[in-house]
Amino acid sequence: MKLTQIVVALELVLVVAASASLMFISGCGTTQLVDLWKDPSYQAAPLKKVMIIAMPRDQARRRIWEDAFVSALAEDKAGTIAVPSYQLFPDRLPDTLAIAEKTKEEGFDGVLVVARVESSQQQTNVPGYVSEEPVDVYRHRWGAYSTRWPTVYHPGYTEVQRVLSVQTDLLLPQEEGRLVWSVTSKDINPSSPQEFRSSVADLVMDKLVKEGLVR
């Protein structure tokens, strides 16, 4: 085999390996925190008691999301107490007035609001490429095989990925619902809703602990 043919063959292997890696990565959800904001003027001590409010209309999903955040904070062995809102308002999502009254009555100094999950699509154009691939041809005249290296074009394609995002806001109920911290969690092609939910809860709560907003 000629040196140029060996180089072409190696390049082909690398292209295939890179494509396989891209497919693997795009198929595995990796949640990231984006658009993080914190009120620079807020310098108070960590919150002591936080109400977790998830906004899905479906009551079962609301409970599942709230439990995920409570469990994530418990895993961090934090001193802050987290209470899911469905324990206080089991029938429906509370309105602003009900939240204000309950937080004052129960001694909550923070409210963590988890918005509804937003779903969108992201398109990525993967360009085509040209390679030389070996083809064995039997030569009757010589009674043996020979190898040809024809040029093969691999067409490009468009890869469509599902993007999930959810915003989480930290409010101070005793200061008229003042917003002191906000973040958006984003994932591309998560393997399941359960994985996305757990990843969001873990990342958000870990970040709140590290920034000293909860303890």
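Caption draft 1: View of helix H2 (residues 59-75). Helix length check: H2 (17 residues) gives 24 Å between terminal C-alpha atoms against 24 Å at 1.5 Å per residue, within 8%. For H2, the set of buried residues is Arg 62, Trp 65, Glu 66, Ala 68, Phe 69, Val 70, Ala 72 and Leu 73. Buried residues in H2 make contact with strand E2 (49-54), strand E3 (81-84), strand E4 (110-114), strand E10 (157-172) and helix H4 (193-210). By the N-cap criterion, in which a side-chain oxygen at the helix start approaches the backbone nitrogen of a residue two or three places on, H2 is capped by Asp 58, the distance to Ala 60 being 3.1 Å. Looking one or two residues beyond H2, the residue adopting positive phi is Lys 77, at roughly 55°.

Caption draft 2: Up close: unusual backbone geometry. With a phi close to 60°, Glu 176 is a non-glycine residue in the positive phi region. Positionally, Glu 176 belongs in the loop between E10 and strand E11 (178-188). Phi is positive for Asn 189, close to 50°, though the residue is something other than glycine. Secondary-structure assignment places Asn 189 in the loop between E11 and H4.

Caption draft 3: Representation of the side chain of Thr 80 within the structure. Tracing the chain through its elements places Thr 80 in the loop between H2 and E3. Thr 80 sits in the buried class, given a relative accessible area of 5%. For Thr 80, the side chain forms a polar contact with the main-chain oxygen of Leu 47, separated by 2.6 Å. A distance of 2.8 Å separates a polar atom in the side chain of Thr 80 from the backbone nitrogen of Arg 215.

Caption draft 4: Structural detail: the packing of aromatic side chains. Using the criterion set out here, one finds 3 aromatic pairs in the structure. On the basis of an interplanar angle of 75° and a centroid distance of 6.2 Å, the ring pair of Trp 65 and Phe 196 is categorised as edge-to-face. With Trp 65 in helix H2 and Phe 196 in helix H4, the pair connects residues that are 131 residues apart, well separated along the chain. With respect to burial, Trp 65 and Phe 196 carry one shared label: buried. Consider the rings of Tyr 138 and Tyr 145, whose centres lie 5.0 Å apart with planes at 65°: the pair is edge-to-face. Taking relative accessible area as the criterion, Tyr 138 reaches 37% and is therefore assigned partly exposed.

Caption draft 5: Quick look at H4. The end-to-end C-alpha separation of H4 is 26 Å, in line with the 26 Å expected for 18 residues at 1.5 Å each. For H4, every residue scored as buried is listed here: Phe 196, Arg 197, Val 200, Ala 201, Val 204, Met 205 and Leu 208. Down the axis, H4 shows its buried residues gathered within 140° of arc, on one side only. Looking at the packing, one finds that the buried side of H4 touches strand E1 (32-38), E2, H2, E4, E10 and E11.

Caption draft 6: Seen up close, the packing of H2 against H4. Packing of H2 against H4 brings their axes to within 8 Å, and their N-to-C directions diverge by 45°. Judged by the inter-axis angle, H2 sits oblique to H4. Here H2 runs over H4; the crossing is right-handed. Only Phe 196, Arg 197, Val 200, Ala 201, Asp 202, Val 204, Met 205 and Val 209 of H4 make contact with H2, whose side of the interface consists of Ile 64, Trp 65, Ala 68, Phe 69, Ala 72, Leu 73 and Glu 75. Of the residues that constitute the contact of H2 with H4, the class distribution is 12 nonpolar, no polar and 3 charged.

Rules used throughout
Going along each chain's sequence as written, the residues are numbered from 1 onward. Local features in this predicted model are restricted to residues of pLDDT 70 or higher, and side-chain atom pairs are both shown and tallied only at a pLDDT of 80 or more, whereas totals for entire chains, interfaces and linings draw on every residue. To obtain the side-chain values, all non-hydrogen atoms of the structure were used and water was disregarded. Here a strand is any run of E in DSSP of at least two residues, a helix any run of H or I of at least four, and the numbering for each starts at the N terminus. Multiplying 1.5 Å by the residue count of a helix minus one yields the expected span of that helix. Relative accessible area decides the class of each residue, using a 1.4 Å probe on protein chains only: under 20% of the type maximum gives buried, over 50% gives exposed, and in between gives partly exposed. By definition in these notes, contact holds between two residues if any of their heavy atoms fall within 4.5 Å. Pairs of N or O atoms within 3.5 Å make up the polar contacts considered here, provided that, within protein, one atom can donate a hydrogen while the other can accept it, and that residues adjacent in sequence are counted only when both atoms are side-chain atoms. Working definition: rings of Phe, Tyr and Trp (its six-membered ring) pair if their centres are within 6.5 Å, and the pair is stacked with planes under 30 degrees apart, edge-to-face with planes over 60 apart, and tilted otherwise. To obtain the arc, one takes the directions from the helix axis to the C-beta atoms. Interaxial angles span 0 to 180 degrees and are taken between N-to-C directions of axes, which are lines fitted to C-alpha atoms, for helices over the stretch in contact. By the definition adopted for this analysis, an angle is roughly parallel if under 35 degrees, roughly antiparallel if over 145, roughly perpendicular if from 65 to 115, and oblique otherwise. Crossing handedness follows the turn of the near helix against the far one: under a right angle anticlockwise gives a left-handed crossing, and clockwise gives a right-handed one. Each residue gets one of three labels, nonpolar for Ala, Val, Leu, Ile, Met, Phe, Trp, Tyr, Cys and Pro, charged for Asp, Glu, Lys and Arg, and polar for the others, Gly among them.

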